Structures are given as structure tokens and as C-alpha cells.
Amino acid sequence: MTAFIRGRAALVGAVVGATVVATAVVPATAAPAGAPATVTTNGVRGLDFAGGRLVTAERSAGGDAMVYERRVSADGVTVGARESRSHAGPFANGAHFRTVPCDMGSCVELVASGHGDYGVVFVDGDDAGTESVQFWGPGSSYHGGDVHYPAGTAKIVDLTARATVVNGGSPVKQRVDMYPSYYANAAPIVRTPTAASVWGTSLWAATSATGALTATDIDKNKVVETAATGAPCVIKEVRAVGRWVYWNCGTTGAAGVYDRTAKKSITVPSGPALVGDGYLVRHDRTAGKLLLTDFHTGKAATPRVMADLPAGKTADQRRLTWAVDKFGGDIAYVDAANSVHIVPSGVPAQPLAKIASDVGDTSIDIKGVNGLDAWLSTWQFNKPVTWTYTVKDWTGRTVRTLKGAGSGTEADVAWDGRTDAGGYTGNGLHAWTLKATAEDGSGTYTTSGTIGVGGGRAGFHDQGRYSIGDLVTLNSSGGLTVQFGQTPGSFDGKKSGSGWPAGTLAVPFADTGSDRCSELLVRMPGGELRQYAGRCGNSGYTPGSSHTVIGAGWQQYDVLTSPGDLNGDGRADLVARQTSTGEMYFYAGLAGGKFAPKARIFTNWKTYAQITGVGDITGDGRPDLLGHDRDGGLWRYDGLGNGSFAPRVKVFSDWGRSYNSMVGVGDLNGDGRNDIVVRDSAGKLFRNNGNGKGSFGARTQIATGWQTYKGIF
């Protein structure tokens, strides 16, 4: 079988060895203002209607038998462009869509699913004399052909979105299954055939007891609801539509609709019927009319005429000359001139509701660890919707907004961890919200959750995988350790490497490549500056770990720190203080982890005992510097975005004379604002939470015994 079309269809047919052809579009149908739409065709040979999608078997302008799809507005007034879905005539090898006798000679059996991504399901034959049910899925691919039936035995009983009921085999068995989900699927249910219908993930089926129905959760294979309908027979046909479950004792026998809310049945006229939300439609061949019975109030109203439809020669013309959109309020029928008319039912629909969902995990790794490189989810509703999916990072900033319209009754979300600007979001906990709005204006549905993102953009001073600031420490034994920050503001977990000589100075740095792992700069005691490839917290660093040499002579500096991207070119930069003069230099980052020649930005910074880059602590998007003077004062230098800084601003007076180490650790407590960590002469470690406005809150002790570290970076 060769597949050429892309996109979303909404039909089911029976085909043997079909070849799908390229999509073609003809102009949309325009109806008079406010009037139900009429679609002119070259001859209809079968149709169905679901989720605002009209599917038909027709003749193309060239005379070929084709299956088409058109999108219909919720009010039934506008019909979109006709799109080809498949060639439906006989093929050279004798393969063909399954057809049934009809007044037009032969018609294609079509059943629409209402689900945008999983709309096309058909029976496909092979040279071995078997056939299988196939799904036309996203990306022009087929799925589900692993179950084979003897040719001529497969029959699609019902489907709603991903749930299907198929009878087939010899002896005949009924197979209830779900289209393959993004994640794990339950085993299919194989059972003795009975009257059956699916709605969401529920299988409504007749039992051997008079008037009895059960609802089975397909995912759990567990009966979750029972219904005593009062039917005077073992039920022969079932059609489930949300609150309503239609039943009959055969097309000429008693019929009713079981109201799941009121727990009772409503008597309705007998005869071949299709059910919508709160109504049923049947063809009265004696009167030559298409009649609608409204039962949404809990009582069947007097049938009313929806259209003239001659008796014809075919006893049951459901999905041949007329159809009902069970996900909406519209009916479609074909007149003698082969025009398709869309007729609104006029029956108030139930409010918007979710009927099934397949929701992604609570975490993803954008790098594809364990194959989870995107967050994939889908929701199925009881009517067509438009939807908006929003993701916010841990700071509350919106990083991605996805929208969907015209996708039928589904909201299908695929978030790859990218921002609206096209970059990667930062690692950390994200909150998502989905809001779906019914196209007919009958309500909204909102749901939300969280996603832990890994493999994204590293945070400031982040050596791990979660955008929480980390520290690097050096002990007297030559152990260089990454101390992983943990919310709400301490350190827990570490990765170490040994063999580092005394006098080693480390600088946590941003990612300079494309792997989204922050690098580590290390100034060796002899003055050689190295860049060690980031490890994303998977292991520690040793002197022999993968690195490149940036240059020599860096022993002239007693301070090396990276505030972030100081000149706005998208690369992290470096700031250094010369030991002998106290002059401060700016090193602009270049491609490949190199640096431009130094530029002097300050003189005589010997007054500061500690200097640290802190990222953006003022909220203006530009990195800043802090200096702790030898009299205990804390000063802030606001970055200007051009590699230089504004004049200093005092943050605190007499802030702490006992502090012998100060590090701009990034966001340590998970509030989206960068913090600082200080150590006093007794080895106590404190955290000061940034307020996002250039200052900090009171200190909080988070550890003791840190006097053992010769360096904290």
C-alpha cells in the first residue's frame, strides 16, 4: 500500500488494497447568510458526519470515485473546502473499497470518528486472503494492522475517537480496542459479539438478560455502570452519545433511549435510527420524510420533519443518503440532485465535556532520554472545540502557547520544550494549562498540571539538570565537588572528582556548545585556563576530563567570575580582577568557548574582599555584579548590556565582616529570583534570597562545617 496524503481525515471505510492519493482542494461552499449550507456534488455514493466533518464518497470532476472530507461550522452555515482523502474506485489488481447495494448502484460504507488525528479507519485486504482494520494517523502513517481476519468477515461496529468495536473472524469474535496511544495501552477486549457501542473509553453492550446494558471501562476491562432499560427483549442495537444510550429490539421492534442521569428509558419511535445529542433521526420511507424526535427534556416530543427524503429502493439508508453528527447538532442528507444539505437539529446540546484523554507524564527530557523528547497529550470532547495550551516556567513566565482550531473534537498537544521564540525552555518545574472552548458556544473545559523539564536550557550557575543554582567546592584532599542545589534553598546530592592541586580555581560557566550542559572553567595553579565540557550533573570532573585549553597566564587574576551575557550577544562572558593592581577586566565570550581580548572596565577594586557575578538580580534582563568591601558593605553594579556597568549602588551597610566567601549561586530556592550564598569564618553557610529588585532578604543558615573547603565557587 502506498500513502501520499498528509493531514487529518475523519472517515472510516472498508477497503481492499487501496492506494491513498494526494490531497486536492476545491473552493469552500458559501450559503446565503444564516441559511443552512448546501453542497453541490457530482454524485454521492455514501456519507457520514462527525465532529463537524462531513465525509462523502463522490465522483471527482474527472469521473473517479473518491472519498472527500469537508469541515462544517457549528451552526451548519459554512462548509469548508473539499479535500481528497482516498481513491475509492476499483484498482487494477481488483482491490477496492467495500461497497454495499444502494439506490445509486453501490455505495461505500463510511463511518466518521470525530477525532482529527485518528479519523481514517478502514479494512485493508492483502494477497493472503485476509483483511485488517487500519488507522490513518498523524504523519501519513498506518497503524493497527496486526490483527488479521478472513476476507469478508471484518465489520466495524462502532468507534468514537480512539475506541473501536470490530466484529470479525471465523467464528466471529468482537474485538474492543483503543487506537495506539502516546503511552501504554491496555490489552484489547475480545468477546462474544453483542450489540455494542463506544463513547470515550466506555463500551456500552447488551447482556444476555432482557433489557440489560453494561458499561465497561476499556482501559481497565472493568464494568463501571449498569442499566436496566426496561426493554422487552435482549437488546439488538446500541448507540451511546454521552448522557443518552439508544437501544432497540430490532429495527421494527420497541426502541428507547436510556437517560443515564434520570436512570430511566424514554420511549422513541422504532425504525432504523441515528442518534445525536438529545435527539434521534429516522427515515420514514412511507411518508418520504426525514424525521427528528427530540428527547432532551426527558420526554419524547412529537416527531418533526427535517427534510423530504424519498423512500428509494434501499430499506436502510443510514450513512448512504443521510447521517447524523453525534458530536454536534447537525444532520446531513442527499437530495435527488445529489446535493448534500446540512440541517441543524435545533435541539439544545449538553455542555462541553471531556469524554477521553491520553495525558503525558509529569516529566520530559528534551534530549530524548528514554525516548521522551516531547510532551504529548490528547483530549477528546463531546463536540468540536478550539483550544489553547499554555506553559509557564517556575518563575510564572509564559514560555509557550499552542492553539488549535478546526481539529474536530480533539485537542492534540505536542510540546517539544521550545519557547515561543524558538529556543529551549529552562530546566525545572513547569505548569501547563489547557482551555478548550466549544465551537457552538456551549461552554469551556479547563485542566492543568505540571511538567518537570530536563535536557533544556541550563539556569545561571547550574551544573545539574534542573535550573537550580549549584556550588562547586574544593577540599584539601584535591576533591572538586559539584554541590547540587535543591529547593527550597539548600544543597543535597553531589558529584565529585579527585586529583585537583591546591590553588585550583573553578568558574561555573554557561553552555558554549549545543548540548545544553553548562561548562566549567578551571584555572590551574600554574595559570592555565581550561574549559571542561559540561556534564549536566551526570558525573564529577577530574583534571583529565574532556577539556580544551583557553590559554596561559591567568594566574595574574585572583578573581574570576561569570555574571552571564554582559554584552547581549547571546554568549556568557567573564570578569577578572588583576591581583597586583585591582583592575577589573571584561572578557567577551566568543564562539567555541574562546574569549575576545580583555577590556578594562574598573580600576582599584582591591577594596573588595569578595566579588561575584550574580546574573540578573534587578529584573532588567541584564547580568549584574556584587562586591563585598573589607568594611562589610555590600555593593551592586548593574550591567548595562554593553560589557560595562553602571556606578555602584549600596545594597547593605556593615553587611557582614565575618564572611570569607560569597557566591552568586543563581536561583536556589526556586522562586525565579537569583540568590547569594555566603560562608562565615566559623564554616556556617547562609543563603540570602534575592527579591528580584536588586536586593536580598535576611540570611538563612543552610549548612555548617563548610570551613573544610579551600574554595567555594
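Small disclaimer: the values here were computed from a predicted structure and weren't measured.

Trainee: Could you clarify how one ought to interpret the overall build of the chain in this entry?
Mentor: Scanning the chain from N- to C-terminus turns up 0 helices and 60 strands. In the chain, which comprises 713 residues, the proportion classed as buried is 55%. For the chain, contacts bridging at least 24 residues in sequence account for 48% of all contacts bridging at least 6. Element-wise, carbon and sulfur atoms account for 50% of the exposed surface of the chain, whose accessible area totals about 27600 Å².

Trainee: Help me understand the pattern of salt bridges in this model?
Mentor: Side chains carrying opposite charge are able to pair once their charged atoms draw close together. Within this structure, the stated rule accounts for 25 salt bridges. Measuring nitrogen to oxygen at the nearest pair gives 2.8 Å for the salt bridge that ties Asp-259 to Arg-243. In this pair, Asp-259 sits in strand 24 (residues 255–259) while Arg-243 sits in the loop between strand 22 (237–241) and strand 23 (244–248), placing the two residues 16 residues apart along the sequence. Residue Asp-259 is classed as buried on the basis of its relative accessible area of 2%. Of the charged contacts, one joins Arg-400 and Asp-416 as a salt bridge, the two residues approaching to 3.3 Å between their closest N and O atoms. Of this pair, Arg-400 sits in strand 37 (residues 398–404) while Asp-416 sits in the loop between strand 38 (410–415) and strand 39 (428–438); the two residues are 16 residues apart in sequence, bridging distant segments of the chain. Given the relative accessible area of 34%, Asp-416 is considered partly exposed.

Trainee: Help me out: how do you make sense of the environment of Ala-227 in this one?
Mentor: On the secondary structure map, Ala-227 appears in strand 21 (residues 222–228). As for Ala-227 and Asp-259, which are separated by 32 residues in sequence, their C-alpha atoms are 9.4 Å apart. Every residue in contact with Ala-227, bar those within four places of it in the chain, is listed here: Trp-204, Gly-211, Ala-212, Leu-213 and Tyr-258.

Trainee: How do you make sense of the confidence of the model for the chain when you look at a structure like this?
Mentor: One rule of thumb: low pLDDT means the predicted coordinates there are not for detailed reading. Residues of the chain with pLDDT of at least 70 account for 89%, and the chain-wide mean is 88. Note that pLDDT drops below 50 for residues 1–33; the model gives that stretch 134 contacts with residues more than four away or on any other chain. Segment residues 137–142 is flagged for pLDDT under 50; beyond a separation of four residues in sequence, or across chains, it makes 19 contacts in the model.

Trainee: Sorry, what's going on with the packing of aromatic side chains here?
Mentor: The final tally for this structure, using the stated rule, is 26 aromatic pairs. A ring pair is formed by Trp-199 and Phe-327, whose centres lie 5.4 Å apart and whose planes are at 20°; its orientation type is stacked. You can see Trp-199 sitting in strand 18 (residues 196–199) and its partner Phe-327 sitting in the loop between strand 30 (322–324) and strand 31 (330–334), a full 128 residues away along the chain. For Phe-327, a relative accessible area of 1% translates into the label buried. Plain terms: the ring middles of Trp-655 and Tyr-659 are 5.0 Å apart, the flat faces sit at 65° to each other, and that makes the pair edge-to-face. By relative accessible area, which is 13% here, Trp-655 ends up buried. According to the relative accessible area criterion, Tyr-659 is buried, its value standing at 7%. These aromatic residues form a ring-pair network of at least three members: Phe-509, Trp-554, Tyr-557, Tyr-585, Tyr-587 and Phe-595. Its guanidinium or amino end placed over the ring of Tyr-424, Arg-516 lies 3.7 Å from that ring's centre, counting from NZ or CZ.

Trainee: Before we go on, may I ask you to explain the environment of Asn-538 in this structure?
Mentor: Examined against the element boundaries, Asn-538 turns out to sit in the loop between strand 46 (529–532) and strand 47 (547–551). For Asn-538, a relative accessible area of 53% gives the class exposed. With 74 residues separating them in the primary sequence, Asn-538 and Gly-464 have C-alpha atoms 7.7 Å apart.

Trainee: Just checking my understanding: could you explain the side chain of Asp-217 for this structure?
Mentor: Its location among the elements puts Asp-217 in strand 20 (residues 212–217). Of the side chains with opposite charge, Lys-220 lies nearest to the buried Asp-217, which makes no salt bridge, at 4.7 Å.

Trainee: I keep staring at the state of the cysteines and nothing clicks. Help me out?
Mentor: Cysteine pairs can be linked by a disulfide, which is a covalent bond between their two sulfur atoms. The final tally for this structure, using the stated rule, is 3 disulfides. A disulfide bridge connects Cys-233 with Cys-249, and the sulfur atoms are separated by 1.9 Å. Judged by the sign of its S-S torsion, about -85°, the bond between Cys-233 and Cys-249 is left-handed. Taken together, the positions of Cys-233 in the loop between strand 21 and strand 22 and Cys-249 in the loop between strand 23 and strand 24 put the pair 16 residues apart, joining distant regions of the chain. Neither residue differs from the other here; Cys-233 and Cys-249 are each classed as buried. Across the disulfide from Cys-517 sits Cys-536; the S-S distance is 1.9 Å. On the sign convention where negative means left-handed, the S-S torsion of about -110° between Cys-517 and Cys-536 marks this disulfide as left-handed.

Trainee: How should the sheet that holds strand 24 be read in this particular structure?
Mentor: Hydrogen bonds between backbone atoms are what pair the strands of a sheet, whose relative direction is either parallel or antiparallel. Ordered in space as 22-23-24-25, the 4 strands form an open sheet in which the pairing is antiparallel. Each having just a single partner strand, strand 22 and strand 25 (264–267) make up the two edges of the open sheet. Averaged over all adjacent pairs, the angle separating strand axes in this sheet is 25°, with direction ignored. With 5 bridges joining them, strand 23 and strand 24 adopt antiparallel strand pairing. When the sheet's bridge partners are listed, Asn-248 is paired in strand 24 with Ala-255.

Trainee: I'm lost on the sheet that holds strand 14 (residues 155–160) in this one. Help?
Mentor: Read from one edge of the open sheet, 4 strands run 14-15-16-17, paired in antiparallel fashion. Edge strands, defined here as strands with exactly one partner in the open sheet, are strand 14 and strand 17 (189–191). Strand-to-strand twist in this sheet, taken as the mean axis angle between neighbours without regard to direction, amounts to 15°.

Trainee: Whenever I open this one, unusual backbone geometry confuses me. Can you help?
Mentor: Backbone geometry follows two general trends: most residues other than glycine have a negative phi, and most peptide bonds adopt the trans configuration. Following Ser-170, the chain continues into Pro-171 via a peptide bond in cis, with omega recorded as 0°. The linkage connecting Thr-487 with the following residue, Pro-488, adopts the cis geometry, with an omega of 10°. Relative to the helices and strands, Pro-488 is located in the loop between strand 42 (480–486) and strand 43 (490–497). Its identity as a non-glycine residue notwithstanding, Asn-221 has a phi of 50°, on the positive side. Summarising the element assignment, Asn-221 is placed in the loop between strand 20 and strand 21. Residues other than glycine seldom take positive phi values, yet Arg-319 does so here, at roughly 65°. One can find Arg-319 in the loop between strand 29 (304–308) and strand 30.

Trainee: Explain the nonpolar core to me, please; I cannot follow it from the model alone.
Mentor: Grouped together as the largest cluster of nonpolar side chains are 39 residues, with contacts concentrated most on Trp-204, Leu-213, Tyr-246, Leu-280 and Phe-295. For this core, the secondary-structure elements that each account for two or more residues are strand 5 (53–59), strand 6 (65–71), strand 19 (202–206), strand 20, strand 22, strand 23, strand 24 and strand 26 (273–276). Top contributing element to this core by residue count: strand 23, with 4 residues. By size, the runner-up hydrophobic cluster in this structure holds 28 residues, among which are Leu-474, Tyr-541, Ile-550 and Tyr-557.

Trainee: Is there a simple way to think about the side chain of Asn-669 in this case?
Mentor: Locating Asn-669 in the fold gives a position in the loop between strand 56 (659–666) and strand 57 (675–680). Looking at Asn-669, the relative accessible area reads 15%, which means it is buried. Side-chain polar atoms of Asn-669 contact the side chain of Asp-671, separated by 3.3 Å. Separated by 3.4 Å, the side chains of Asn-669 and Asn-689 make a polar contact. For Asn-669, the residues in contact, after removing those within four places along its chain, are Thr-487, Pro-488, Gly-489, Asp-675, Arg-687 and Asn-689.

Trainee: I tried to follow the pairing of strand 48 (residues 557–564) on my own but got confused; where do I start?
Mentor: On a regular strand, one side chain projects to one face of the sheet and the next to the other, so that they alternate. Counted residue by residue, strand 48 has 7 buried out of 8 residues, so it is predominantly covered. In terms of strand pairing, strand 48 meets strand 49 (residues 573–578) through 5 bridges, oriented antiparallel. Its bridge partner being in strand 49, Thr-561 is matched across the sheet by Val-575.

So, how was this worked out
Residues numbered from 1 in each chain as written. Predicted model: local features only at pLDDT ≥ 70, side-chain atom pairs only at ≥ 80, totals over all residues. Heavy atoms only, no water. Helix = DSSP H or I, 4+ residues; strand = E, 2+ residues; numbered from the N terminus. Buried < 20%, exposed > 50% of the residue type's maximum accessible area, 1.4 Å probe, protein only. Contact = heavy atoms within 4.5 Å. Areas by Shrake-Rupley, 256 points an atom, 1.4 Å probe, with all protein chains shown as cover. Salt bridge = Lys/Arg side-chain N within 4 Å of Asp/Glu carboxyl O. pLDDT = per-residue confidence, 0-100. Phe/Tyr/Trp six-rings, centres within 6.5 Å; stacked < 30°, edge-to-face > 60°. Lys NZ or Arg CZ within 6 Å of the ring centre and 35° of its normal. Lys, Arg positive; Asp, Glu negative; His and termini not counted. Disulfide = S-S within 2.5 Å. Pairing = 2+ DSSP bridges. Axes fitted to C-alpha atoms, helices over the stretch in contact; angles between N-to-C directions. Core = buried A, V, L, I, M, F, W, Y, C linked by side-chain atoms within 4.5 Å. Polar contact = N/O pair within 3.5 Å; in protein donor to acceptor, adjacent residues only side chain to side chain.

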